[in-house]
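Survey of secondary and tertiary structure
In case you want the letters, here they are:
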Amino acid sequence: MGKIIAVANQKGGVGKTTTAVNLAASLGDRGKKVLLVDTDPQGNSTSGVGVDRRSCPTTVYQVMIEGAKARDALVKTDFINLQLLPSNMDLAAAELELASMENREAVLKNALASLRGEFDYLLIDCPPSLGLLTTNALTAADTLLIPIQCEYYALEGLSQLMNTVRRVKRQYNGLLDIEGVLLTMYDGRLNLTQQVVEEVKKYFPRKVFKTVIPRTVRLSEAPGFGQPALYYDKSSRGAKAYQELAGEILKNNR
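Per an unreviewed UniProt entry, the protein is named Sporulation initiation inhibitor protein Soj, and its organism is Candidatus Acutalibacter pullicola. According to the UniProt record, the Sequence similarities (unreviewed entry) comment for the protein reads "Belongs to the ParA family."

A few points about the packing of helix α1 (residues 16-29) against helix α12 (residues 237-252)
Relative orientation of the contacting elements α1 and α12 amounts to 70°, with a least axis distance of 8 Å. If you check the angle between α1 and α12, you find them roughly perpendicular. Here α1 and α12 pass one another in a crossing that is right-handed. Contact residues: α1 offers Thr18, Thr19, Asn22, Leu23, Ser26, Leu27 and Asp29, while α12 offers Tyr242, Gln243, Leu245, Ala246, Ile249 and Leu250. Looking at the contact of α1 with α12, its residues break down into seven nonpolar, five polar and one charged.

Here's the deal with the pairing of strand β4 (residues 82-85)
With four bridges connecting them, strand β2 (residues 34-38) and β4 associate as parallel partners. Looking at the pairing, Leu36 lines up with Leu84 of β4. With two bridges joining them, strand β3 (residues 75-76) and β4 adopt antiparallel strand pairing. Paired with Lys76 across the bridge in β4 is Gln83. Connecting the antiparallel pair β3 and β4 is a turn made up of five residues, with Asn81 showing a positive phi of about 60°.

Thresholds applied
- Residues numbered from 1 in each chain as written.
- Predicted model: local features only at pLDDT ≥ 70, side-chain atom pairs only at ≥ 80, totals over all residues.
- Heavy atoms only, no water.
- UniProt positions renumbered as here; feature names shortened; annotations may be inferred.
- Axes fitted to C-alpha atoms, helices over the stretch in contact; angles between N-to-C directions.
- Helix = DSSP H or I, 4+ residues; strand = E, 2+ residues; numbered from the N terminus.
- Parallel < 35°, antiparallel > 145°, perpendicular 65-115°, else oblique.
- Left-handed = near helix turned anticlockwise from the far one by under 90°.
- Contact = heavy atoms within 4.5 Å.
- Nonpolar A, V, L, I, M, F, W, Y, C, P; charged D, E, K, R; others polar.
- Pairing = 2+ DSSP bridges.

See below:
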């Protein structure tokens, strides 16, 4: 049974999609079969692995709203062991359409159930909000990975996220746990970075990954070429950091 990890933080610009794409590629590179599930209407995970959002006849929208089979929507990427369940702007309407559906919080969970046996890891890239799409991801997930940027206001909004996690645990998914908290945009030369790290460790004792993701130009450039950093520039600090993160996750999940 594949493990489902939701990558979520309702704050935008924290490296959520960067993490979902690069972690998926790094786990695939280590021999794990990986499915990247894009539940963000902006479709940045989709384009981040070189798939044209406009060319996908079936996306996560058709799967969640129109009852299409998830298997029929899968796209093989150019990267080792990595498949994609794509997204596009159609998904923007899903919040409204889900609202009137029966058992609306479990739509994604039910859609992914038939695929769990085919993958080692299923990573869900969530939208930067705490609406029904994120609730669906948390209901489907075994664990939650929270990227937090090393900047002022890093912890802002996290209490909202944790309230949502507690609500989902109580009502829909009693087994949901935190996979870990990932510090992104890390610059060890700044005093501020050290302060943020200490704050985050106080807020999430024993849940912060040892691996940190540096602020690098290569990580920012790679999506423009439709490639994870590992394929865009394998020797870059960002690519190496995500390979380390994959190793840490595999070790924790032995």
